Amino acid sequence: MIRGEVKVMVKIHMMKAYEGDFIWLSYGDIEKEYHILIDGGVKGCGERYADVIRFISVKGETIEAIILTHIDCDHIAGACEGLAKVDAKVLQGTVKKIVFNTSEKIYKEILVSKNSGGYGVKEGIEFWTKLKEKGIVDRIIERTIAGDIISLANGALLKVISPGEEQLKKLLDKWETYEKEHTPVAYSPNLEQVKKNLDDLMRVRTKTDGSVNNASSIAFLFEYQDIKGAFLGDSKPSVCIEGLKKFNIKDVYSLDFIKLSHHGSISNTNLKLLKKLSTVNYLLSTNGHEKKVPSKVIIAKLLRNCQEENKTETILYCNYDWWESQYHNKYFTQKDWQLYIDTGILKLNLLGEEGISVKDGLILYGK
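Residues numbered from 1 in each chain as written. Predicted model: local features only at pLDDT ≥ 70, side-chain atom pairs only at ≥ 80, totals over all residues. Heavy atoms only, no water.

Note on placement: T208 falls in the loop between α7 (198–201) and α8 (212–215). On the basis of relative accessible area, T208 is assigned to the exposed category, the value being 65%. As for T208 and P237, which are separated by 29 residues in sequence, their C-alpha atoms are 8.8 Å apart. Apart from the residues within four sequence positions on either side, T208 is in contact with K236 and S267. (Helix = DSSP H or I, 4+ residues; strand = E, 2+ residues; numbered from the N terminus. Buried < 20%, exposed > 50% of the residue type's maximum accessible area, 1.4 Å probe, protein only. Contact = heavy atoms within 4.5 Å.)

As structure tokens, then:
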């Protein structure tokens, strides 16, 4: 897209974050870019997280927002590790806002009541402590709920659609106590699903994610110039649908892309939300962790929705080739390949450093 003589660009880097989320978004033009970091992946992503911050600092540019959608380890641990590695002066001169649903009160109560044993609680406390140590705790927007609009430099907007008041209250009142070793309840094994054809899964009912952590996940619409997308964290579809009403979005809202919730879990996407947020481009961040995600039912739902909307293709942009590496190319049946993949109705794009253009001005990368 051209604004005067300057080309406007949005670049989304789907960083390799194992089973987690770590997204680096840049927007602006060839003269100056602005940056957003969304989550930070698992602990092993820490050095790369730090490298991204240092790179932005050396360029003399700013991180308009560090966004931690929620405190599950596969979203926050890498950010904790990365911030610890970056010099305080670099952070103070580079980071403008930190969007993180928290307060010192929450962490003190959790620490006392749960001995920080809950899934992600230790990392939440550690993240808060790191911000204090680095002198950037004052940058926190510590209460972000549906209906909020966060304005960033150069006219970019974040329109928050999750969580709501009720979900934040539950986060404080009823913290989850499952341990890191415990399998999250919202995942379902894929081994039986992958034996079935996509056609056979299109009308399988999706489930409901009962996780308090995920229900509190920050999800938002990103808008810059004529580029619009949704980053759904690990949010629940019902919460996002209610959040859309805060912006008077009751009918179809067309987007250029959606970052699918909870790595494609069966419990975090449904047909109702897909029909509200209309697109053919879906971003999927996962390495296919223990063959639990992405759910083949959800991919079938994406196809079904596009068919019902008379769209000719459904496109998945992935930071790992999970269908090969985890499933040895047996995730899709022979019929799936014949009907959908070989015909181009379902496109599987593995993102790399060269980038893939989604539309004029919007490029996706994998690193």
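Turning our eyes to something else, we now look at the packing of helix α1 (residues 46–58) against helix α2 (residues 73–85). Put simply, α1 and α2 touch, their axes get as near as 7 Å, and they point 55° apart. Comparing the axis directions of α1 and α2 gives the class oblique. As for how α1 packs across α2, the hand of that crossing is right-handed. Of the residues in α2, those in contact with G46, E47, Y49, A50, I53 and R54 of α1 are G78, A79, E81, G82, L83 and K85. (Axes fitted to C-alpha atoms, helices over the stretch in contact; angles between N-to-C directions. Parallel < 35°, antiparallel > 145°, perpendicular 65-115°, else oblique. Left-handed = near helix turned anticlockwise from the far one by under 90°.)

Applying the stated rule across the entire model yields 24 salt bridges. E64 serves as the salt-bridge partner of K96, at 3.3 Å between the closest nitrogen and oxygen. Of this pair, K96 sits in the loop between α3 (88–94) and β6 (98–100) while E64 sits in strand β5 (residues 62–68), placing them 32 residues apart in sequence. Looking at K96, the relative accessible area reads 41%, which means it is partly exposed. Because the salt bridges share partners, they merge into one network encompassing K11, E33, K59 and E61. (Salt bridge = Lys/Arg side-chain N within 4 Å of Asp/Glu carboxyl O.)

All right, on to the confidence of the model for the protein chain then. Of the residues in the protein chain, 88% have a pLDDT of 70 or more, and the chain-wide mean is 90. For residues 110–117, every residue scores under 50 in pLDDT, and the model assigns this stretch 13 contacts once sequence neighbours within four places are set aside. For the stretch residues 176–185, pLDDT sits under 50, and the model shows 20 contacts to residues farther than four places along the chain or on other chains. (pLDDT = per-residue confidence, 0-100.)

Strand order in the open sheet formed by eight strands is β8-β9-β10-β11-β13-β15-β16-β17, and the pairing between neighbours is mixed. What marks the edges here is a single partner per strand, and that holds for β8 (149–151) and β17 (346–350). Along the sheet, successive strands turn relative to each other by an average axial angle of 20°, direction set aside. Helix-sheet contacts for helix α11 (residues 296–308) involve β15 (281–284), β16 (314–318) and β17, and the interaxial angle to β16 is about 145°. (Pairing = 2+ DSSP bridges.)

Right, let's talk about helix α5 (residues 121–133) for a bit. An ideal rise of 1.5 Å per residue puts 18 Å on 13 residues; α5 measures up with 19 Å between its terminal C-alpha atoms. If you check which residues of α5 are buried, you get V121, E123, G124, I125, F127, W128, K130 and L131. Positive phi appears at G135, one or two residues downstream of α5, with a value of about 75°. (Expected span 1.5 Å × (residues − 1).)

Here we take up the packing of α2 against α5. The N-to-C vectors of α2 and α5 enclose an angle of 30°; their axes lie 9 Å apart at closest approach. Put simply, α2 runs roughly parallel to α5. In this structure, the crossing between α2 and α5 has a hand that is left-handed. On α5, the residues touching C73, I76, A77, A79, C80, L83 and A84 of α2 are E123, G124, E126, F127, K130 and L131. For the contact of α2 with α5, the class distribution of residues is nine nonpolar, one polar and three charged. (Nonpolar A, V, L, I, M, F, W, Y, C, P; charged D, E, K, R; others polar.)

Following the sequence through the fold, T269 ends up in the loop between β13 (257–259) and α10 (271–276). Owing to a relative accessible area of 4%, T269 belongs among the buried residues under this scheme. Leaving out residues up to four positions away in the same chain, T269 has contacts with T206, P237, L260, S261, L274 and I298.

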